[in-house]
Amino acid sequence: SLLDDECDYLFKTVLIGDSAVGKSNLLSRFAKDEFHLDSKPTIGVEFAYRNIKVGDKMVKAQIWDTAGQERVTFENLRKWLHELREYGNRDMVIVLVGNKTDLVESREVEVRDGQSLAQVEDLCFMETSAKENLNVEDAFLQMITKIFEIA
Ligand code: GDP
């Protein structure tokens, strides 16, 4: 079994989004506390695990990283959401993540645009920096907490 004795739950998570937005680094930051400046593009899918305590429960988070080719990020979100809702599990939790908040001078998406998309689409929203390790853990925690709420 994938679930070891110390874990009460196994949660499966998939990171999707356009190429180079930082999915692999969000995964490596969360799973291994590592950041890579020149990370190689993901070929196919990769995954990692991390055990995380939520309240009195131990959750094994299995996180899948996917390869994306596209490069227009925010504009593509509706397409990603459409695919998720068409092919995804019915009771899934979606967290919209805006990464690279450390790039203050070259911000491409305003916070309020992320917030309003999340509101319209009924998603959780979080801004992160995998590089500076800002909110990465919180984004995953928010997702895990939300899964407990709907379970
Ligand atoms: P992916 O294709 O979505 O998996 O993106 P990667 O994780 O491979 O990251 C693409 C590039 O963006 C790499 O050069 C990373 O070092 C960089 N990167 C990822 N996250 C951040 C971040 O939070 N801040 C900054 N400044 N760069 C980041």
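Residues numbered from 1 in each chain as written. Predicted model: local features only at pLDDT ≥ 70, side-chain atom pairs only at ≥ 80, totals over all residues. Heavy atoms only, no water.

The name given to the protein in an unreviewed UniProt entry is Ran GTPase, and the organism recorded there is Cynara cardunculus var. scolymus. According to the UniProt record, the Sequence similarities (unreviewed entry) comment for the protein is "Belongs to the small GTPase superfamily. Rab family." (UniProt positions renumbered as here; feature names shortened; annotations may be inferred.)

In this section: the site of the ligand. Every one of the 19 residues lining the ligand counts as a neighbour, but Ala20, His36, Leu37, Ser39 and Asp102 are closest to it. At a separation of 2.8 Å, an oxygen atom of the ligand approaches a polar backbone atom of Ser24. Between an oxygen atom of the ligand and a main-chain N or O atom of Ala130, the distance comes to 2.8 Å. In isolation the ligand has 580 Å² of accessible area, and contact with the protein removes 87% of it. (Near = heavy atom within 4 Å. Polar contact = N/O pair within 3.5 Å; in protein donor to acceptor, adjacent residues only side chain to side chain. Areas by Shrake-Rupley, 256 points an atom, 1.4 Å probe, with all protein chains shown as cover.)

What follows concerns the side chain of Thr128. With respect to the helices, strands and loops of the structure, Thr128 is situated in the loop between β5 (124-127) and α4 (136-150). Sequence-distant contacts of Thr128, that is, excluding residues within four places in its chain, are made with Leu26, Val97, Gly98, Asn99, Lys100, Thr101, Leu134, Asn135, Val136 and Ala139. (Helix = DSSP H or I, 4+ residues; strand = E, 2+ residues; numbered from the N terminus. Contact = heavy atoms within 4.5 Å.)

As a further point, take the pattern of salt bridges. All told, the structure shown has five salt bridges when counted by the stated rule. Note that Arg85 and Glu121 form a salt bridge whose closest N and O atoms lie 2.7 Å from each other. With Arg85 in helix α2 (residues 77-87) and Glu121 in helix α3 (residues 111-121), this residue pair connects regions lying 36 residues apart in the sequence. The partner of Arg107 in a salt bridge is Glu127, and the shortest N-O contact between them spans 2.9 Å. One end of the pair, Arg107, is in the loop between β4 (95-98) and α3; the other, Glu127, is in strand β5, and 20 residues separate them in sequence. (Salt bridge = Lys/Arg side-chain N within 4 Å of Asp/Glu carboxyl O.)

Note that Asp33 resides in the loop between α1 (23-32) and β2 (45-54). Between the alpha carbons of Asp33 and Gln119 there is a distance of 30 Å; along the sequence they are 86 residues apart. Ignoring anything within four residues of it in the chain, the contact list for Asp33 reads Ser28 and Asn133. Only 2.7 Å separates the side chain of Asp33 from the side chain of Arg29, close enough to count as a polar contact.

In this section: α4. Residues spaced three or four apart along an α-helix face the same direction, because each turn holds 3.6 residues. Between its first and last C-alpha, α4 extends 22 Å over 15 residues, near the 21 Å set by a 1.5 Å rise per residue. Listed as buried for α4 are Val136, Ala139, Phe140, Met143, Ile144 and Ile147. Looking straight down α4, one finds that the buried residues subtend no more than 130° of arc, so they occupy a single side. (Expected span 1.5 Å × (residues − 1). Buried < 20%, exposed > 50% of the residue type's maximum accessible area, 1.4 Å probe, protein only. Arc of directions from axis to C-beta.)

Now for the nonpolar core. Counting 22 residues, the largest nonpolar core has Phe30, Ile63, Phe140, Met143 and Ile144 as its most contacted members. Secondary-structure elements contributing two or more residues to this core are β1 (9-15), α1, β2, β3 (57-66), β5 and α4. At six residues, the largest contribution of residues to this core is made by α4. Here Ile63 is in contact with Thr13, Leu15, Leu27, Phe30, Glu46, Phe47, Ala48 and Phe140, once residues within four sequence places are set aside. With eight residues, the next largest nonpolar core counts Leu77, Leu81, Leu96 and Leu123 among its residues. (Core = buried A, V, L, I, M, F, W, Y, C linked by side-chain atoms within 4.5 Å.)

Counting buried residues in β3 gives seven out of ten residues, a clear majority hidden from the surface. In this sheet, β3 lies alongside β1 in parallel orientation, the contact comprising seven bridges. Among the inter-strand pairings, Lys12 is bridged to a residue of β3, identified as Gln62. (Pairing = 2+ DSSP bridges.)

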